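Chains, contacts and geometry: an overview
Each chain, letter by letter, is given below.
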Amino acid sequence: MKFYSTNNKNHIVDLKTAVLESLPPDNGLYMPETTPKLSSNFISKLSNFSFEEIAFEISRSLLKEDLSESEILTLCSNSINFPAPLAELDDVTFVLELFHGPSLAFKDFGARYMAQLMSVLNREDDRQLTILVATSGDTGGAVAAGFLNTPGINVHILYPSGKVSFLQEKQLTTLGGNIHAFEVDGTFDDCQSIVKQAFLDTELNKNYRLSSANSINIARLIPQSFYYFEAYKQVMHRSLPVVFSVPSGNFGNLTAGILAKRMGLPVEKYIAATNINKVIPDFLETGLYQPRPSKATISNAMDVGAPSNFARMQDIYQSDLQSFQKELIGYWFNDDDTKAAMKEIYDQYGYVIDPHGAVGYLATKAYRESSKDQFISIIHETAHPSKFLDVVEQVIGNKIDIPERLSSLSGKEKKSTVISSKYEDFKSWMLAQN
Ligand SMILES: *Cc1c(COP(=O)(O)O)cnc(C)c1O
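Residues numbered from 1 in each chain as written. Predicted model: local features only at pLDDT ≥ 70, side-chain atom pairs only at ≥ 80, totals over all residues. Heavy atoms only, no water.

Tallying secondary structure elements over the chain gives 20 helices and 14 strands in all. Taken along its principal axes, the extent of the C-alpha atoms in the chain is 65 × 50 × 40 Å. Burial status across the chain gives 57% buried among its 434 residues. Long-range contacts, defined here as pairs at least 24 residues apart, represent 74% of the contacts in the chain between residues at least 6 apart. With the model as given, the accessible surface of the chain reaches about 17700 Å², and the carbon-plus-sulfur share is 47%. Mean positive and mean negative side-chain charge positions of the chain (40 and 51 charges, respectively) differ by 2 Å. (Helix = DSSP H or I, 4+ residues; strand = E, 2+ residues; numbered from the N terminus. Buried < 20%, exposed > 50% of the residue type's maximum accessible area, 1.4 Å probe, protein only. Contact = heavy atoms within 4.5 Å. Areas by Shrake-Rupley, 256 points an atom, 1.4 Å probe, with all protein chains shown as cover. Lys, Arg positive; Asp, Glu negative; His and termini not counted. Charge placed at Lys NZ, Arg CZ, Asp CG, Glu CD.)

In structure tokens:
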């Protein structure tokens, strides 16, 4: 499979370059040159396949020129190894639980698959690959868990000291092994600036093979298409149109859904659900794309003012508003709406949902009210509610269970390297190690 840059269709690279480079030099995003269509026979028989087998079929259609069957099999079995079950709210409304991975967020799918794929692509190089990643909290946890013990790869995570939650910090600093945490005396922007300078530093690049675990890496997008098929499989016996509601920030998750449809998944509509950071819902209504500074909300993983995957969506729909509107509809909600929805879902269905999933629920409800047709809606629950413990317990007025893999972290010992926000500090630490 070859990939092109959304900024220049003639800039074509192979899989290894797209994945290890992460971003094209022209600041576009990599897109697969063709989207293979899965056979209608496969789609009609989805229920005969396990989640891992579905991942394998899709991966094979994309990667067969680059990897052997057995490599693709190992890639899928090492990364798509936790379930994506549906919880039923009522007979036409389902919650797709994407939080059964190690860091309790849907980002685990992308991070694990990317880690495994990088490891395979790096197999012929005897030099270690060093992944640098700056995090404001959540991404770092998924990346750390995803890359843990991956052969040939070390991960350096930079996070702002005192600015991530207690359990987020534990997710970054307690794994050990090939995961190393830098606690930066500064802000998230300082962390990001250090990472950017490192990639441009010739001396450092002589000593290290550096790569990025950036969220817009195509290797993180591909696996996010798998669970759309897995979810569809679980409701297809109902023979009703299927609509997905996707709580969105950078729109990687939703873009993967659009790709799933290109691969042949018969999805009726995608609902772009956001909080007050509503650049995309506004665009879908008016045709005007107006990025703006983000505002803080209780669904903070969606506090994005300039969604990075918009470039991919523009590419897919060839910047044609009507094509966008045919497949997507946008809704946005504020924090009060979101809290009311969390309470409603708890009281009415006995289900505990996190603030991001609650936004998806509201969007589904709004769409259902505007539509005469019968359909099944599937709401992405992008994180486990215990990751947002304070607001969830306060809203539902009850204690909730914290999964063992999160609660057990609180007793673990934190290990981090404290550095200043000056790039030179980081650089000299790195050079001293080599
Ligand atoms: C990252 C994240 C989102 C947003 O996903 P995008 O792919 O950036 O749109 C939504 N919910 C949670 C919990 C997240 O961590």
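On we go.
The next thing to look at is the packing of helix α16 (residues 335-349) against helix α18 (residues 389-396). Here α16 crosses α18 at 60°, and the two axes come no closer than 9 Å. One finds that α16 runs oblique with respect to α18. The way α16 lies across α18 gives a crossing that is right-handed. For the pair α16 and α18, the contacting residues are Lys-339, Met-342, Lys-343 and Tyr-346 in the first and Val-391, Val-392, Val-395 and Ile-396 in the second. In terms of residue class, the contact of α16 with α18 is made up of six nonpolar, no polar and two charged. (Axes fitted to C-alpha atoms, helices over the stretch in contact; angles between N-to-C directions. Parallel < 35°, antiparallel > 145°, perpendicular 65-115°, else oblique. Left-handed = near helix turned anticlockwise from the far one by under 90°. Nonpolar A, V, L, I, M, F, W, Y, C, P; charged D, E, K, R; others polar.)

For the rest of this paragraph, the subject is the sheet that holds strand β14 (residues 417-420). Pairing in this open sheet of five strands is parallel, and the strands run β9-β6-β7-β8-β14 from one edge to the other. The open sheet is flanked by β9 (209-212) and β14, the only strands paired with a single partner. Along the sheet, successive strands turn relative to each other by an average axial angle of 30°, direction set aside. Two elements, strand β6 (residues 129-134) and β9, share four bridges in a ladder whose sense is parallel. Of the residues in β9, the one forming a bridge with Leu-132 is Ser-212. Where helix α6 (residues 138-147) meets the sheet, it contacts β6, β7 (153-160) and β8 (179-185), and its direction lies at approximately 160° from that of β7. Sheet strands touched by helix α8 (residues 188-200): β6, β7, β8, β9 and β14. Its angle to β6, the strand with the most contacts, is close to 150°. (Pairing = 2+ DSSP bridges.)

Turning our attention to the environment of Thr-35. Relative to the elements of secondary structure, Thr-35 occurs in the loop between β3 (30-32) and α2 (40-44). Taking the C-alpha atoms as reference, Thr-35 lies 36 Å from Ile-298; in sequence the two are 263 residues apart. Setting aside residues no more than four positions away along its own chain, Thr-35 makes contact with Leu-259, Arg-262 and Met-263.

Let us look at the sheet that holds β3. Taken together, the three strands give an open sheet; going across it, the order is β2-β1-β3, and neighbouring strands pair in antiparallel fashion. The open sheet is flanked by β2 (8-14) and β3, the only strands paired with a single partner. Put simply, the sheet's adjacent strands are angled 40° from each other on average, direction ignored. Judged from the four bridges that link them, strand β1 (residues 2-5) and β2 form a sheet pairing that is antiparallel.

Not every one of the 15 residues close to the ligand is listed here, only the nearest: Lys-107, Gly-249, Asn-250, Phe-251 and Thr-382. Taking Lys-107, its side chain carries an N or O atom lying 2.5 Å from an oxygen atom of the ligand. Backbone polar atom of Gly-249 to an oxygen atom of the ligand: 2.8 Å apart, as the coordinates give it. Classifying every residue of the shell around the ligand by side-chain character gives six nonpolar, seven polar and two charged. (Near = heavy atom within 4 Å. Polar contact = N/O pair within 3.5 Å; in protein donor to acceptor, adjacent residues only side chain to side chain.)

Looking now at the pattern of salt bridges. With the rule as written, the count across this model stands at 18 salt bridges. Glu-124 is the salt-bridge partner of Arg-123, the closest N and O atoms lying 3.4 Å from each other. The residue Lys-414 makes a salt bridge to Glu-169 at a minimum N-O spacing of 3.0 Å. With a gap of 245 residues between them, Lys-414 in the loop between α19 (404-407) and β14 and Glu-169 in helix α7 (residues 166-173) connect regions that are remote in the sequence. Given a relative accessible area of 15%, Glu-169 falls into the buried group. One continuous salt-bridge network, built from bridges that share partners, spans Lys-16, Asp-125 and Arg-209. (Salt bridge = Lys/Arg side-chain N within 4 Å of Asp/Glu carboxyl O.)

In this section: the pairing of strand β5 (residues 93-97). In the case of a regular strand, side chains alternate between the two sheet surfaces. Of all five residues that make up β5, five are buried, and the element is covered over most of its length. Neither face of β5 is exposed, since Thr-93, Val-95 and Glu-97 on one face and Phe-94 and Leu-96 on the opposite face are all buried. Here strand β4 (residues 86-90) pairs with β5 via four bridges, running antiparallel. Its bridge partner lying in β5, Asp-90 is registered against Thr-93. As paired strands, β5 and strand β13 (residues 376-381) are joined by five bridges and run parallel to one another. Bridging across to β13, Val-95 finds its partner in Ile-379.

Inspection of the secondary structure puts Ile-131 in strand β6. The exposure class assigned to Ile-131 is buried, which follows from its relative accessible area of 0%. C-alpha separation for the pair Ile-131 and Tyr-208, spaced 77 residues apart in sequence, amounts to 9.9 Å. In this view, Ile-131 contacts Met-118, Phe-147, Ile-153, Asn-154, Val-155, His-156, Ser-211, Ser-212 and Ala-213; residues no more than four positions away in its chain are not counted.

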